[in-house]
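Spelled out from the first residue to the last, the chains are:
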Amino acid sequence: MRVTFTVNGKRRSYGGSGMKRLLDVLREDLSLPGTKEGCGEGECGACTVLLDGQAVVSCLIPVAQVAGRRVATVESLGRPDRLGPLQEAFLSEGAAQCGICTPGMLMTASAYLRGGGSTRDDAIRHELAGNLCRCTGYQHIVRAVQKAAATSRARRQTRRARRVTVAMTRQSRRRAVSKRTPRRA
Ligand code: FES
Ligand code: FES
């Protein structure tokens, strides 16, 4: 069967068994190897991707189920030469060691932060409870999520301040021009 769906903002098409796992279609057919396999049984969260904005384990989803829907993988968060805030924070906080759990952690955390999730320690731990990590002890991961939330907030504030400055500059230019323009008698 043919299954068409959106992956990381692009329309993609897969031809083959509709029962093939989304995880395998992403890695083998769509050349997106960022999503990792851990247990293959829905227990570890390593293969987490976003489906219509919700974190799901791609090892349990037959590709036929994603027809017409939106999938986001870890590749959507940034590029090796231009990491997103979460990826940067994982790197700087030492939250990725062997790396098997990392793409899944990143995707769960990105859905959480986009949904306005709290940056309290216990709330982050609760949210990430379905993503298992054998290496880091979780504290580095929690700190990375908090750091990414702070960075994103700061970037939003900077963008907002820039927009206000541009609007004020335009307004004062318009005023200056209208003062210089002579009125007709
Ligand atoms: S590989 Fe999918 S949950 Fe472990
Ligand atoms: S970094 Fe190795 S399992 Fe998490």
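Cut-offs used in this document
Residues numbered from 1 in each chain as written. Chains lettered and ligands numbered in written order. Predicted model: local features only at pLDDT ≥ 70, side-chain atom pairs only at ≥ 80, totals over all residues. Heavy atoms only, no water. Helix = DSSP H or I, 4+ residues; strand = E, 2+ residues; numbered from the N terminus. Rg over C-alpha atoms; globule rule 2.2 N^0.38 Å. Buried < 20%, exposed > 50% of the residue type's maximum accessible area, 1.4 Å probe, protein only. Contact = heavy atoms within 4.5 Å. Areas by Shrake-Rupley, 256 points an atom, 1.4 Å probe, with all protein chains shown as cover. Pairing = 2+ DSSP bridges. Axes fitted to C-alpha atoms, helices over the stretch in contact; angles between N-to-C directions. Salt bridge = Lys/Arg side-chain N within 4 Å of Asp/Glu carboxyl O.

### Some words on the overall build of the protein
No. 1: Per the secondary structure count, the protein includes 5 helices and 5 strands.
No. 2: Each helix and strand of the protein, placed in order from N terminus to C terminus, yields the pattern β-β-α-β-β-β-α-α-α-α.
No. 3: On C-alpha atoms alone, the protein measures out to a radius of gyration of 22 Å, which is more than a quarter above the 16 Å that the 2.2 N^0.38 rule sets for 185 residues.
No. 4: Each principal axis of the C-alpha atoms in the protein carries an extent, and together these give about 80 × 45 × 30 Å.
No. 5: When the 185 residues of the protein are sorted by exposure, 35% land in the buried category.
No. 6: A separation threshold of at least 6 residues defines the contact pool for the protein, and within that pool the share at least 24 residues apart is 55%.
No. 7: Accessible surface for the protein amounts to roughly 11100 Å². Of this, 50% is attributable to carbon and sulfur atoms.

### Some points on the pairing of strand E2 (residues 10–15)
No. 1: Across 6 bridges, the pairing between strand E1 (residues 2–7) and E2 is antiparallel. Within E2, the residue paired with Phe-5 across the bridge is Arg-12.
No. 2: Between the end of E1 and the start of E2, which pair antiparallel, lie 2 residues, with Asn-8 showing a positive phi angle near 50 degrees.

### Notes on the sheet that holds strand E3 (residues 48–51)
No. 1: Taken in spatial order, the 5 strands line up as E2-E1-E5-E3-E4 in an open sheet, and their pairing is mixed. Two strands in the sheet have a free side with no partner beyond their single neighbour: E2 and strand E4 (54–57). Across the sheet, the mean angle separating the axes of adjacent strands is 40 degrees when strand polarity is ignored.
No. 2: Where E1 and strand E5 (residues 70–72) come together, 2 bridges link them in parallel fashion. Counted as the bridge partner of Thr-6 is Arg-70 from E5.
No. 3: Packing against the sheet, helix H1 (residues 22–29) makes contact with E1, E2, E3 and E5, and its axis sits at approximately 80 degrees to E1.
No. 4: Relative to E3, helix H3 (residues 102–114) is tilted by about 35 degrees, and along the sheet it contacts E3, E4 and E5.

### So, the pattern of salt bridges
No. 1: Under the definition given, this model contains 11 salt bridges.
No. 2: In this structure, Arg-125 engages Asp-121 in a salt bridge whose closest nitrogen and oxygen atoms are separated by 3.7 Å. Highlighted residues: Arg-125 and Asp-121, both in helix H4 (residues 121–127), separated by 4 residues, approximately one helical turn.
No. 3: Within this structure, Lys-20, Glu-28 and Asp-29 form a network of salt bridges that share partners.

### So, H1
No. 1: Buried residues of H1: Leu-22, Leu-23, Asp-24, Val-25 and Leu-26, and no others.
No. 2: Against the buried residues of H1 lie E1, E2, E3 and E5.
No. 3: Taken from the residues just after H1, Ser-31 is the one with a positive phi, measuring 55 degrees.

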